[in-house]
Amino acid sequence: MAKKIKAAKKLRPAKKAPRAAKAWSGRFTETTNRLVEEFTASIPYDWRLYPYDIAGSIVHAGMLARQRIITRKEADRITRGLEDILKEIVDGTFEFSTELEDIHMNIENRLIEKIGPVGGKLHTARSRNDQVALDIRMYLRDEIAKIHELLAALQKVLVGLADRHRDVVLPGYTHLQRAQPVLFGHHLLAYYEMFQRDRGRLEDCFRRLNMMPLGAGALAGTVLPIDRKFVARELGFSGVCENSMDAVSDRDFAIEFVAACAQIMMHLSRLSEELVLWSTSEFGFITISDAFTTGSSIMPQKKNPDVAELTRGKTGRVYGSLTALLTLMKGLPLAYNRDMQEDKEPLFDAADTVSLSLSVFAEMLKSVSIHTEAMRRAAEDGFITATDLADYLVRKGMPFREAHEVVGRAVLRCLERHWGLGTMPLEEYQRLSPLIREDVYDAISVEASVTRRTSSGGTAPANLARRLQTLKKRL
Ligand code: ARG
C-alpha cells in the first residue's frame, strides 16, 4: 500500500506545471477538477500495459497505411516515435502524468509531442475502449504463459520429490484422522494432478481470450476500411471478436483468468496447510529449511512456516479479486462503462500474487527434508489397516457389511486390551470369526495394505512407479 501511495505521488504533476491538453477538450469550456483527475486516473496502475499498448499501436498504424487510410511515411514516423517512447519508458525517463488519465493517453500525448500533429493520426479508427480491451488481452496472454510455466516447474519439483522418496509410507487422512496408509509419492502426485488441471484451465482461458477486439471502435465499429484480420494475425491472435459491442464491453476472459488463479491458490493453500501440519512437532514429518522459515521475536525456539502460511493467506486475496471482478461487471449495461477501469487492479494483483506464490513455493518444496521414520511410525498406527482386515474377510467370503461389523468389534477389543490389530492374538480373532487364520497378520501389514492397492489410480508402488515413469517423460 505504502508503495502504491508513493508511486501515485510521483505521478502527480507539480502544481505549477502547465496542464496537459486533454484529448477530448474540444467540447469542454472548464478545466477538470484536480480531484476528479486524481479520482478518474488509471495511470498509477495501468502504466504497466505499456508494452502491449505500444505493440498494438504499431500494428494498428501499419494496418492504417496498408489500407491507405494514412500514408506509409506517416505510419513510419508514428512507429519510430512509438519505439522511442518504449525506450523512454524502459529507461525510466518517461514522465507519466495523472492529468493524462491512463497509459493510452500518456503515450499518445508524448507521441504528438515528439513527432507533431501526425501523431494524432494514430487514433484513427480506434477508441480507447477497443484499445484497452486489446491491451488487457495481450497482457493476459503473457501472464498465462508465465503462470503455466511456473505450474509446470512446481509439478517437476513434486515429481522429483515423489521419485526420491518412492518407498516412503505415511498415513493417508480423512477428517484429519488416520485412515489408510499411502505412499508419500502418491500423496504428492495428487497435487501434480490438481496443478495439471489448473494448467488446463489456463489453456482454455487462453483459447477464448485470444480473439482480437481492435476495430470495434467505441462500440459500433468504424466507417473506415480497416483490416481487422491483418491486425489479428500480426499480433498473434487466432481470430477477431465477432461483435463490436461484445468486444469492448465484456471482461469474462479476465474473470475466467482470475477464477483459474483462485483455484491455483486454493490448491496451493491446501498443500500449504499440509506443510504447516507436517512441520509441527506433533507430526514431525518434514522440516522446512531455514531459508524458507522465519523466527519469532520473543520465542527463541520458534521456526515458523511463513511461506506456507502466507500462501494460504494470499489465497483470500485472490478470491477477493475474483469477487471484485464479478461484482464489477454484474450490473453494467452494454457497452463500455467507466466502471470497467476498476478491472485492472484486482486483475494485476491476482496475476502477481499467483506468480510470486508459485515461484517461492517451488523453491521451498525443493528445500524440504522428509522424515521417513516419523511418517512410517505414524503409518504403523494400530488400526490404520482396519479396512484391509475387512477386505481380508471379504476375500474369505463374508459380505462387506458383516466384515465391517466384525472389524469394528475387533477394534473395540483391541482398545480394551491396548493392542493393535497386528498384535491382537489369533485366538481373539477367531472368537470374532472362524474365517480368520494365521495369514491375517500378513494381510493387514502396512506393506500389504499399500502393495495390494493396485486398482487403477490406487496407491500401490507399482502404480506409482508407472506414473512416475510417464510423468518424468512428460516433463
Ligand atoms: N482507462 C480506461 C480503462 O482502463 C480506458 C478506456 C477509457 N474509455 C473511455 N471512454 N473513457 O478502462
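This structure is a prediction, so every number in the text was calculated from the model and none was measured.

Caption draft 1: Layout of the side chain of Arg453. When you line up the elements, Arg453 lands in the loop between α19 (446-451) and α20 (461-474). A relative accessible area of 18% means that Arg453 is categorised as buried. At 2.8 Å, the side chain of Arg453 and the side chain of Asp388 are in polar contact. Discounting residues that sit within four places of it in the chain, Arg453 has contacts with Gln180, Thr387, Asp388, Asp391, Gly458, Thr459, Ala460 and Asn463.

Caption draft 2: Up close: unusual backbone geometry. Of the consecutive residues Leu334 and Ala335, the connecting peptide bond is found in the cis state with omega at 0°. Despite not being glycine, Glu101 shows a phi value in the positive range, around 70°. For Glu101, the position within the fold is in the loop between α5 (72-91) and α6 (103-115). Residue classification places Glu101 among the buried residues on the basis of a relative accessible area of 8%. Even without glycine at this site, Ala125 takes up a positive phi of about 60°. Structurally, the position occupied by Ala125 is in the loop between α6 and α7 (128-164).

Caption draft 3: Quick look at the site of the ligand. In the vicinity of the ligand, the contacting residues are Ser42, Asp102, His104, Arg128, Asn129, Val132, Tyr336, Arg338, Gln341 and Lys344. Asp102 is positioned with one of its side-chain polar atoms (N or O) 3.0 Å from a nitrogen atom of the ligand. Contacts to the ligand include Gln341, whose side-chain N or O atom sits 2.8 Å from a nitrogen atom. Burial of the ligand by the protein chains amounts to 86% of its free accessible area of 340 Å².

What counts, and at which threshold
Residues numbered from 1 in each chain as written. Predicted model: local features only at pLDDT ≥ 70, side-chain atom pairs only at ≥ 80, totals over all residues. Heavy atoms only, no water. Helix = DSSP H or I, 4+ residues; strand = E, 2+ residues; numbered from the N terminus. Buried < 20%, exposed > 50% of the residue type's maximum accessible area, 1.4 Å probe, protein only. Polar contact = N/O pair within 3.5 Å; in protein donor to acceptor, adjacent residues only side chain to side chain. Contact = heavy atoms within 4.5 Å. Near = heavy atom within 4 Å. Areas by Shrake-Rupley, 256 points an atom, 1.4 Å probe, with all protein chains shown as cover.

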